[in-house]
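Each chain, letter by letter, is given below.
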Amino acid sequence: MNNRTRRGSPLRRAWLGISVYKAVILLICGFIGLPQSFFSDYLSSSDVLAQNQPTTSTSAESSRTPLSKDAGVWNNGQAALWDLNIIDHFRLFGATERSKGHQPEQPINFSHKRHVSELKMECQFCHWSVAKSAFAAIPEVETCIGCHGVIVPDPKLATKSDPNQKTEIEKLKDYYARSEPIPWIKVHVMPDHVRFNHKRHVKAGVSCHECHGQVPEMDVVERVSSMKMGWCLDCHRQRGASIDCSTCHK
Amino acid sequence: MSAEGTSESNKEGLMSGNLVDLKSGKDGSLGGKVNTTGATNASSSNNVSRRRFLQILGSAPVVGAAAGCTDQNTQQVLPYVNRFDQQIVGESVWYNTTCTECSAGCGIQVRTAEGRAIKIEGNVANPINKGGVCAIGHSALQHLYDPDRVRQPLKRRADGKGFDPISWDQAIKEISQRLSDPDLSKRAFIDGGRASAITDLVTNFSKAFAIKRASFDFNPNVVEAKAAELVFGSKGLPTYVFDQADLVVNFGAGFLESWVSPVEYARAFAKAKRADHPVRLVHFEPRLSLTAANADHWYCNKPDSELSIALAILKLLNERRLGEALSEGVSSSISAIVSKLDLERLISQSGIEFSKLVTVVEYLAQAKNSLVLAGGVPTSGEKGLALAVVVNLINLLLGNVGKTIMLSGARAVGSSLDPLLELTQQMLKGQIQTLFIDGSNPVFKLPASFEISYALKRVETVVSFSSHMDESTVLAHYILPTNTTLESWGDVLALEGVYSLTQPVMKPVFDTRDLGEVLILIAKAAGKSEVAEGQSNFYNFVKARWQGFHAKLGLAIDFERFWLECLERGGYYEPRKDRIRVDVNNKAFEIVTQALKSEAVSIAGDAHSELVVYPFASVRSFDGGSANRPWMQEIPDPLSQTVWDAWAEIHPDTAKAKGLAAGDMINIKNYHGAVDLPIYLTPHLHKDVVAVPLGYGHTDYGRYAKEVGANVLSLIPKQVNNGTLGLLSVRASVTRGRGRSTLVNVQGSDSQLGRGLARTAALGAVAAHDGHDADHGSGHGSAHAGHHEPKQMYEQREHPLYKWGLSVDLASCTGCSACVAACYAENNIGIVGKKLMDQGRELSWLRIERYYDGSADEMSVSFLPMMCQHCGNAPCEPVCPVYATYHNEEGMNVMVYNRCVGTRYCSNNCSYKVRRFNWYELSYPEPLNWQLNPDVTPRVTGIMEKCTFCVQRILQAKDKAKDEGRMVRDGDVKPACVQSCPSEAMAFGNLNDPDSKVSKLAKSKRAYKVLDHHINTQPAVTYLENVKYKEA
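Residues numbered from 1 in each chain as written. Chains lettered and ligands numbered in written order. Predicted model: local features only at pLDDT ≥ 70, side-chain atom pairs only at ≥ 80, totals over all residues. Heavy atoms only, no water.

### Some words on the overall build of chain A
The helix and strand tally for chain A stands at 15 helices and 1 strand. Per-residue burial for chain A yields a buried fraction of 35% across its 250 residues. Entry remark: accessible area of chain A is about 15,400 Å², with carbon and sulfur atoms responsible for 61%. (Helix = DSSP H or I, 4+ residues; strand = E, 2+ residues; numbered from the N terminus. Buried < 20%, exposed > 50% of the residue type's maximum accessible area, 1.4 Å probe, protein only. Areas by Shrake-Rupley, 256 points an atom, 1.4 Å probe, with all protein chains shown as cover.)

Structure representation (structure tokens):
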């Protein structure tokens, strides 16, 4: 290889020059905090959440102390601007998927409000493994059929425009008849590298609604918490739980 | 995927991830058709199979990460349809069963998560392995999830090329019709033949249809058993009590790697080595095997001269007038034999110095409990039986029977090869019309000179029950794939008084069935229902058999409870009874006299120009059954440190004389065949020998096995000695072959360069002193942990509750690599293939380093298991720009994957080179990915990974401790490596607790930390020096 080729073509040199500009612009942006506001939902945990928290906020909310500088890991446990991986973080757990208010349409219009608030069923009647395992687990179809084998749709409530349209309980029975699981859509999605244990939280006295919101009041389940790392850490710090990375990251 | 461009050989097919189709060898069109049960379209959500359901529910994290970026808005969470008792989502279920990878019969526990087997561990209750598992045992999972398995019954096409799928009902109907046809009455069955339920059923089946039976067992140990019968009058192989011995003299038996029951023996041997008076191992073998590497004294004798050495020892011992307790007749017979011996001639034949033999005899005469063994390659020779008899006579003379050799609780052995030879002759003559064959694969595991593949082609209809497309199965007409052991019912009776059960740990992965079930169905269809002894299916057959055991044992509990308890424990284990009475058969002396008459060296070939072919079974390849398991290709051979290949070991002097050099391919050739292999120069074998590992050179069997290395058996003549394949029987010419070697060696340096990484303390020449106050060899320096703590400039870290630490006892470690396999299985470690291994891009978190120290005469081999040291003062931590690696409160060096940006600074700065970087995103062909542990994230491209001390297990133990309101107790946490270690060389626990095993060991006199005294890294891993005797 001679010297000439090593120096590269003019085009390539120009490209390199532009790259330097890009870097400078990024740096300036960093200082003036442009991306800060853009990524604010991701970067800061407490402020945004505190404003948007629904009525379920606990008394701890008011006494929340500002994050201390030596509270654990670098940059208070938050990803840094200069963390090059931030693009990936954003892509994988970005605004649309991870933000609050995610309310997917489910294969069966199951109403928690009807079952919990009106019929006074306990959470653990269906989600029976929540205090036994890391997974709260969606109840087996058999569990639904346990009641709905005898409970039929109320003809007064079932106002059907199309007579062929199936009621929700009929849909459920169809799944059971076909021995098929109901393909529920996840409302709360944990990233793959997070180890979350329901059992430990339940046993530590964290009630369901602290993370999941007032599910008993929901007809369609909606995500009320961002479930981002900062959000987790806020609570862990308040309660003196472990903030060691390896506790939650696998 | 980025890796696709780089994959050239089929071994790297793993990374391209699209090789789900079954390779049928010749016929490529088969794949799509056969691939019915395994593959479901992952993107379709309407058609949800059980697999898809499990994928999302249980191991969604795992699969999601492997697949990269999935749309999180549409991720599903699927519930079970029905509720299962005792099944809690997220909690694993363990099943006790028995390993059938070799005939040792170790008890295993299989962890299943949401219906999939994901990890194998040893069953502590089993008296054979007591909790250890070998590397091949771990890899049984990859046998189960082998993507190249036969996925449904197949029938050969009419034109003979390729297979078509056939339904089970149709196949069973066609085969039963053949069995009912009186014109097709010449039938045969080749099976494994070890004592078990399935063998009993095959016997019934054979009787019902007048089927000729021939059993094939690669490693039958019939010679050793016959010698024991002749000398001790016992049946089966006696129990060798290594932990009672203070001296073991061994003629070629690889009891720490491949002989009889390596896990059992390694455990007992390590126990004897940790004793106050450590055992001394004297090993005679022409090659440095793994057992030889663990010996205190390894003597490199001339090949096939073991009988001469044993006789010389017998003569010298007899002159010392030992064995007074023996009866008149026996001692006079021994005297009669040894009086005829010419000591000088024997010694010149052996190539061992006389003074060394005298020393060995001195050791034997002084030892309280000695044990003399012969086995493996030397006993497969013509004089093998005589050797085994002489060795037993030495044991008799030394009074070892009843001390280190127990005749009760004998081990069942395999069957002789002779019936198979006879059957092959009949097949070649066209006298067999229908042949049934199980998965024992004699075409590959026996030399080509046995002509089994020709014989199979002469049979009208061959029915194979193998679930793998092995070399015997590709020649079949019907392939009825049967379940692997992890999917089937059965039992194993390896030892007298040890009844082990096998039970299915999961539903069959593919459309396969139990062999017993298939035989019962065929028999029923052919109108012979007596085969199943009145039972409706194979499960009931096994249960009825156990009802018989229950009655025989005369236990107080009722059968149903006994059965459930056995299922829970893995079997029933009788307490051992000792029987010492010895009946010496006079035929024993005849055999020795006969052997003395024959030629001194019985190896065919030109002794001047040709080298003796020395095939050996290694811990990695064994007999070749593990070849299609990527773990077993990727884990380096502990001695040669090579991967993904076979090799030919040659002494450098011999190579020089023949004009060969490192990096050559060599051609080994004789009358029987030829193989091309990469050369591996090592001074640690006899100059007259070329040593080649067995189990390579598959022509079929699967994508990972195919065309890796060459099969040394193609050089071996058709010779069966006392029912065993004569491995040591031929010479071959060695010349330079075509091309250059692509052998990949992962060991950087063979020498420790005086750094004292793996230390060995030399014990005194005559006897050990109390407490191993060894005199330390030179070059190690005087810096020992605890002798004088270095002054620290900075404030030291505090660990308020736990400070996790590991200890590795090098005196117990045999280098068997079981821990490496366990680590691969537990931590979802990726397989990179040969090419990337060559570039140093392997991902193993734990490796076994091998060092040769000392001079060629007084050489010592050290094995050093090297994993992340979890330094208290870690060099990797301060250089990470993104805080992805840090020291936590429990003394661990934690790696946060999602924070890592891949600068690799940490790896550069790591003094132990234990950090691994993910250069590519690795995916697994279905269903190999079913094995992934849901507790551990598979890593993505561009991040660093390393040993975590199995942090997931620590958290599980803490979780359990919190439930019970206590601290984690010592022994609660066992990382995968610690759990699987056959020789109990490792311990893990809390260093803050002064009573924990690991902190006691850390204070041992033998304790040291690797490199700590040079660079003050303060590792959490403590090593305990090896202890070896000095040569007298």
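### What to know about the sheet that holds strand β41 (residues 1007–1008) of chain B
Residues and elements named next belong to chain B. Spatially, β40-β33-β42-β41 is the arrangement adopted by the 4 strands of the open sheet, whose pairing is mixed. Looking at the sheet topology across the chains shown, the edges are occupied by β40 (986–990) and β41. As defined by bridge partners, strand β33 (residues 804–809) adjoins β40 across 5 bridges and the pair is classed as antiparallel. In the sheet register, S807 faces β40, and the bridge partner there is A987. (Pairing = 2+ DSSP bridges.)

### Description of the packing of helix α12 (residues 306–319) of chain B against helix α13 (residues 328–339) of chain B
Residue and element names in this part refer to chain B. For the pair α12 and α13, interaxial distance at closest approach is 10 Å and the crossing angle is 120 degrees. Here α13 runs oblique to α12, going by the angle between their axes. When the axes of α12 and α13 are compared, the crossing they make is left-handed. Here L311, L314, K315 and N318 of α12 come into contact with α13, specifically with I334, S335, I337, V338 and S339. Classifying every residue of the contact of α12 with α13 gives 5 nonpolar, 3 polar and 1 charged. (Axes fitted to C-alpha atoms, helices over the stretch in contact; angles between N-to-C directions. Parallel < 35°, antiparallel > 145°, perpendicular 65-115°, else oblique. Left-handed = near helix turned anticlockwise from the far one by under 90°. Contact = heavy atoms within 4.5 Å. Nonpolar A, V, L, I, M, F, W, Y, C, P; charged D, E, K, R; others polar.)

### Quick word on the nonpolar core
Across soluble globular proteins, you tend to see nonpolar side chains buried next to one another. All names here are of chain B. L435, I668, L864, F949 and Y1023 are the most contacted members of the largest nonpolar core, which totals 183 residues. Beyond its immediate stretch of four places on either side in the chain, L864 contacts L757, A758, L810, R847, I848, E849, Y851, Y1008, V1010 and Y1023. By size, the runner-up hydrophobic cluster in this structure holds 79 residues, among which are A272, I313, V338 and V401. (Core = buried A, V, L, I, M, F, W, Y, C linked by side-chain atoms within 4.5 Å.)

### Quick word on unusual backbone geometry
Residues and elements named next belong to chain B. Residue P927 is reached from E926 by a cis peptide bond, and omega for that bond is -5 degrees. Here P927 lies in the loop between β38 (916–917) and β39 (944–945). Of note, K130 is a non-glycine position whose phi angle comes to about 50 degrees, a positive value. Looking at the secondary structure, you find K130 in the loop between β4 (116–122) and α5 (135–138). Despite not being glycine, A210 has its phi angle at roughly 50 degrees, a positive value. Its location among the elements puts A210 in the loop between α8 (197–208) and β8 (211–215). For A210, a relative accessible area of 57% gives the class exposed.

### Section: the packing of aromatic side chains
All names here are of chain B. Counted under the stated rule, the structure contains 38 aromatic pairs over all chains. Aromatic rings pair up to connect W489, Y499, Y539, W546, F549, F559, F562, W563 and Y572 into one cluster. Positioned over the ring face of W930 is R116, at 4.7 Å from the centre of the ring. The ring of W919 carries R841 above its face, with NZ or CZ at 3.9 Å from the centroid. (Phe/Tyr/Trp six-rings, centres within 6.5 Å; stacked < 30°, edge-to-face > 60°. Lys NZ or Arg CZ within 6 Å of the ring centre and 35° of its normal.)

### Brief notes about the sheet that holds strand β3 (residues 107–113) of chain B
Residues and elements named next belong to chain B. Strand order in the open sheet formed by 3 strands is β2-β3-β4, with antiparallel pairing between adjacent strands. At either margin of the open sheet sits one strand with a lone partner, and together these are β2 (93–98) and β4. When strand polarity is set aside, the average angle formed by the axes of neighbouring strands in this sheet is 30 degrees. As defined by bridge partners, β2 adjoins β3 across 6 bridges and the pair is classed as antiparallel. Bridged to N96 within β3 is Q109.

### Some details on helix α9 (residues 222–232) of chain B
Of all 11 residues in α9(B), 9 are buried, a share of seventy percent or more. If you check which residues of α9(B) are buried, you get B:V222, B:V223, B:E224, B:A225, B:A227, B:A228, B:L230, B:V231 and B:F232.

### A closer look at the pattern of salt bridges
What the rule picks out here adds up to 48 salt bridges over all chains. For B:D959, the salt bridge goes to A:K199, with nearest N and O atoms at 2.9 Å. Taken as a pair, B:D959 in helix α29 (residues 951–963) and A:K199 in helix α12 (residues 198–203) lie in two separate chains rather than in one. Judged by its relative accessible area of 6%, A:K199 is buried. Across the pair B:D750 and B:R850 runs a salt bridge, and its minimum N-O distance is 2.7 Å. Taken as a pair, B:D750 in the loop between β30 (744–745) and β31 (760–763) and B:R850 in strand β34 (residues 847–853) lie far apart in primary sequence, 100 residues in all. (Salt bridge = Lys/Arg side-chain N within 4 Å of Asp/Glu carboxyl O.)

### Topic: the pairing of strand β14 (residues 405–411) of chain B
All names here are of chain B. Summarising burial for β14: 7 of the 7 residues are buried, a large majority. Sheet topology places strand β9 (residues 237–240) next to β14; 3 bridges connect them, and they run antiparallel. Directly across from L237, in β14, lies its bridge partner R411.

### Digging into the environment of B:S983
All names here are of chain B. Tracing the sequence through the fold places S983 in the loop between α30 (976–980) and β40. Take S983: its relative accessible area is 2%, and that puts it in the buried class. Contacts of S983, omitting those with residues within four sequence positions, involve A266, R267, A270, R274, S812, C813 and T814. Polar side-chain contacts of S983 include one of 3.0 Å to the backbone oxygen of S812. (Polar contact = N/O pair within 3.5 Å; in protein donor to acceptor, adjacent residues only side chain to side chain.)

### As for the environment of B:R916
Residues and elements named next belong to chain B. Within the fold, R916 resides in strand β38. Using a relative accessible area of 9% as the deciding quantity, one classes R916 as buried. As for R916 and F510, which are separated by 406 residues in sequence, their C-alpha atoms are 34 Å apart. Apart from residues lying up to four places away in sequence, R916 is in contact with E842, L843, S844, R847, I943, M944 and E945. A distance of 2.8 Å separates a polar side-chain atom of R916 from the backbone oxygen of S844.

### Observations regarding the pairing of β34(B)
All names here are of chain B. Across the 7 residues of β34, 6 count as buried, placing the element largely inside the fold. Sheet topology places β34 next to strand β35 (residues 860–866); 7 bridges connect them, and they run antiparallel. Note on β35: the bridge partner recorded for I848 is P865.

Distances and angles like these do not, on their own, reveal function.
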